[in-house]
Amino acid sequence: MVRTAFDPAARGEVNRILAQPRGTRPGDQGLGWADAGPVGADEQPGHYQHDSGISVTWAWHEAPRQNVTADVLARLVAPGHYPKRVSLQYRPFPAAEATRVLEAEVNAAQFRALYKRRTGRDETARDSHDQARARQAAAEEAAGAGVCLVSLYVTVTVASAADLPRAAAETEAAAESSKIRLRRMTYAQAAGWAATLPCGICPPELARRMPR
């Protein structure tokens with residue numbers, strides 16, 4: 001997967017290698033990590049060019065605000081005209097930290113409501129919904145539910161720069177239909193692109209370990 005992600009034009013060659021009986025492969029090694037990386041790559045502010053492919057990566061900017069059903073990601077993860085990868089990452093909070101986080105959310109929602117009343121502003125439906133959801137999450141955590149941070153990364157790859165605008169528009173439309181707001185990872189395309197590979201790469205964890 002990593003080899004063909006960097007070089008989509010190599011899919012035929014990779015499939016032929018994988019189709020060979022193991023004993024007949026050159027050196028009986030198949031594909032190794034030494035073969036997986038790119039020959040060349042160039043990161044631009046809004047896209048990432050690698051071997052025979054050009055990719056754009058987005059990060060989750062806002063989760064769906066309505067109740068989430070089992071098929072909420074169906075349109076986003078469904079096959080499209082261009083190769084696409086979607087990575088959903090969960091980072092669980094320790095129990096004590098989860099309690100503090102949810103209490104802070106409830107207090108923040110209450111503060112916003114109080115501030116609006118004192119300034120004579122009407123509470124919006126969105127504010128009311130956020131406050132109710134914060135209280136619901138706190139109640140569920142008190143009943144034993146876990147709390148985690150969720151990150152989502154989406155990458156679409158094309159073979160020609162001329163196809164990039166259409167591929168980007170198609171991907172963003174799919175996310176909108178799932179009620180998910182994506183934001184292009186400007187100046188962080190290489191890191192976001194790698195996060196969608198099955199290699200266990202978590203950008204927040206990398207940022208924590210390598211703050212510079």
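Scroll up to find the structure.
Residues numbered from 1 in each chain as written. Predicted model: local features only at pLDDT ≥ 70, side-chain atom pairs only at ≥ 80, totals over all residues. Heavy atoms only, no water.

So, the pattern of salt bridges
As a reminder of what qualifies: Salt bridges are defined by distance alone: a side-chain nitrogen of Lys or Arg within 4 Å of a carboxyl oxygen of Asp or Glu. In this scheme, a residue with accessible area under 20% of its type's maximum is buried, one over 50% is exposed, and one in between is partly exposed, where area comes from a 1.4 Å probe on protein chains only. Helix and strand assignments follow DSSP, with helices taken as H or I runs no shorter than four residues and strands as E runs no shorter than two, numbered in order from the N terminus.
This model, assessed by the stated rule, comprises four salt bridges. A salt bridge links arginine 3 to aspartate 7; the nearest nitrogen and oxygen atoms lie 3.3 Å apart. Taking the relative accessible area as the measure of exposure, arginine 3 reaches 18% and is therefore buried. Exposure remark for aspartate 7: the relative accessible area of 15% places this residue in the buried category. Linking arginine 209 and glutamate 205 is a salt bridge whose minimum nitrogen-to-oxygen distance equals 3.0 Å. Of this pair, arginine 209 and glutamate 205 both sit in helix α9 (residues 203–209), separated by four residues, roughly a single helical turn. When its relative accessible area of 62% is taken as the criterion, arginine 209 is described as exposed. Look at the salt bridges and you will find they share partners, linking Glu205, Arg208 and Arg209 into a network.

A look at the layout of surface pockets
Just so we agree on the cut-off: A pocket, in this scheme, is an open set of points on a 1 Å grid over the protein atoms alone with protein on both sides within 12 Å along at least 5 of 7 lines, while a cavity is a set where a 1.4 Å probe fits but cannot get out; residues line either one if an atom lies within 4 Å of a point. Grid points are joined across faces, edges and corners, and a volume is the space filled by probe spheres set on the points. Charged residues are taken to be Asp, Glu, Lys and Arg, nonpolar residues to be Ala, Val, Leu, Ile, Met, Phe, Trp, Tyr, Cys and Pro, and polar residues to be all remaining types, Gly included.
For the largest pocket, the calculated volume is near 1200 Å³. Around the largest pocket, the lining is made up of 31 residues, and of these Ala63, Pro64, Arg133, Cys148 and Val150 lie nearest the centre. Those elements that place two or more of their residues in the lining of the largest pocket are β3 (53–62), β4 (84–92), α5 (95–118), α6 (125–142) and β5 (148–158). If you tally residues by element for the lining of the largest pocket, the top one is α6, at eight residues. Tallied by class, the residues present in the lining of the largest pocket amount to 20 nonpolar, three polar and eight charged.

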